[in-house]
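# Fold and geometry: a report
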Amino acid sequence: MTRILGISGSLRRDSHNTSLLRAAAEAAGPDVQLELYAGLKEVPPYDEDDDVHPRPASVARLNAAIAKADAVLFATPEYNASIPGHLKNAIDWVSRPVATNVLRNKPVAVVGASIGAFGAAWAQAELRKVLAALGARVLDFELPVPRCHTLFEEGELTDEEIRAGLAEAVVALAGESRAREHAKAVA
Ligand SMILES: Cc1cc2nc3c(=O)[nH]c(=O)nc-3n(C[C@H](O)[C@H](O)[C@H](O)COP(=O)(O)O)c2cc1C
């Protein structure tokens, strides 16, 4: 069983990005479990003075959830042509200490939805850049979901092409995490 953690970059209740992750969980095969992370709003602003042992409980929880997962699927909205601040803030917390950060060598993929025409493509690119800087195994994969407000009915995805894209991301993440386990086993 491959465990994928889904992290939405949107905190709002009716978020299209969170709905995308729910659709990805539904699209996952029986050998993949995709769980959504729910505690991003509790993560405080990063302050190096607070980055001492024990870390804030919300940060420790996020760190443990990522550590436990075989792979992470991010769904990010685009805020002013970039990643939402609270998502970057959460990643800044888990990026320390950088040499042993919990995202290092972790297979990750990024998708994203926006109400505009470009489907959060810039935010996805920025998030991939940040994750690569931390040493994550960032899949060469992009799923721009433009005009996302037209693609859901009561939170349910109605677009089959996007659903297929989400399934592809999940399959690729599962494959990458199996390859990583295999490489570790033979090392
Ligand atoms: C602060 C803020 C900045 C935004 N900036 C952009 C932007 O640069 N590009 C874009 O396509 N949409 C932008 N949007 C609109 C988002 O695409 C839209 O709110 C989207 O639904 C957010 O995703 P969610 O449904 O998962 O919350 C912005 C929204 C907010 C609140």
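Above this note sits the structure.
Below is a summary of the structure that appears in this document. (Residues numbered from 1 in each chain as written. Predicted model: local features only at pLDDT ≥ 70, side-chain atom pairs only at ≥ 80, totals over all residues. Heavy atoms only, no water.)

Let's shift gears to the overall build of the protein chain. Regarding its fold elements, the protein chain presents five helices and eight strands. Relative to the globule expectation of 16 Å for 187 residues, the C-alpha radius of gyration of the protein chain, 16 Å, shows essentially globular dimensions. Based on the C-alpha atoms only, the size of the protein chain along its principal axes is roughly 45 × 40 × 25 Å. Of all 187 residues assigned to the protein chain, the portion counted as buried reaches 46%. Contacts spanning at least 24 positions in sequence make up 78% of the contacts within the protein chain whose residues lie at least 6 apart. Accessible surface computed for the protein chain: about 9500 Å², of which carbon and sulfur atoms make up 52%. Here the protein chain holds 20 positive side-chain charges and 25 negative ones, and the gap between their average locations is 5 Å. (Helix = DSSP H or I, 4+ residues; strand = E, 2+ residues; numbered from the N terminus. Rg over C-alpha atoms; globule rule 2.2 N^0.38 Å. Buried < 20%, exposed > 50% of the residue type's maximum accessible area, 1.4 Å probe, protein only. Contact = heavy atoms within 4.5 Å. Areas by Shrake-Rupley, 256 points an atom, 1.4 Å probe, with all protein chains shown as cover. Lys, Arg positive; Asp, Glu negative; His and termini not counted. Charge placed at Lys NZ, Arg CZ, Asp CG, Glu CD.)

What follows concerns the site of the ligand. The ligand sits among Ser10, Arg12, Ser15, His16, Asn17, Pro77, Glu78, Tyr79, Asn80, Ala81, Ser114 and Ile115. Here Arg12 contributes a side-chain N or O atom positioned 2.7 Å from an oxygen atom of the ligand. Between an oxygen atom of the ligand and a side-chain N or O atom of Ser15, the distance comes to 2.6 Å. When the free accessible area of the ligand is taken as 620 Å², the share hidden by the protein chains comes to 70%. Here the shell around the ligand is composed, by residue class, of four nonpolar, six polar and two charged. (Near = heavy atom within 4 Å. Polar contact = N/O pair within 3.5 Å; in protein donor to acceptor, adjacent residues only side chain to side chain. Nonpolar A, V, L, I, M, F, W, Y, C, P; charged D, E, K, R; others polar.)

For the rest of this paragraph, the subject is the nonpolar core. Ranked by internal contacts, the top residues of the largest apolar core, which has 28 residues, are Ile4, Leu20, Leu73, Val111, Val145, Ile162 and Leu166. Those elements that place two or more of their residues in this core are helix H1 (16–27), strand E2 (32–36), strand E3 (71–75), strand E4 (107–113) and helix H5 (160–186). If you tally residues by element for this core, the top one is H5, at six residues. With residues up to four places along the chain from it excluded, the contact list for Val145 reads Leu20, Gly112, Ala113, Ser114, Gly119, Leu151 and Ile162. (Core = buried A, V, L, I, M, F, W, Y, C linked by side-chain atoms within 4.5 Å.)

Looking now at H5. With 27 residues, H5 extends 39 Å between its outermost C-alpha atoms, agreeing within 8% with the 39 Å of an ideal straight helix rising 1.5 Å per residue. Looking only at H5, the buried set comprises Ile162, Gly165, Leu166, Ala169, Val170, Leu173, Ala174, Ser177 and Arg180. Two or three places before Glu161, at the start of H5, stands the capping residue Asp159, its side-chain oxygen 2.9 Å from that residue's backbone nitrogen. (Expected span 1.5 Å × (residues − 1).)

A separate point is a negative patch on the surface. Taken together, Glu26, Glu153, Glu154 and Glu156 make up a surface patch of like negative charges. In this fold, Glu26 is placed in helix H1. On the accessibility criterion, Glu26 (52% relative accessible area) is exposed. (Patch = residues over 30% accessible without salt bridge, like charges linked within 9 Å, V, L, I, M, F, W, Y side chains within 5 Å. Salt bridge = Lys/Arg side-chain N within 4 Å of Asp/Glu carboxyl O.)

What follows covers H1. Given a rise of 1.5 Å per residue, twelve residues ought to cover 16 Å, and the 16 Å separating the end C-alpha atoms of H1 matches this to within 8%. For H1, every residue scored as buried is listed here: His16, Asn17, Thr18, Ser19, Leu20, Leu21, Ala23 and Ala24. Capping the start of H1, Ser15 holds a side-chain oxygen 3.0 Å from the backbone nitrogen of Asn17, two or three residues further along.

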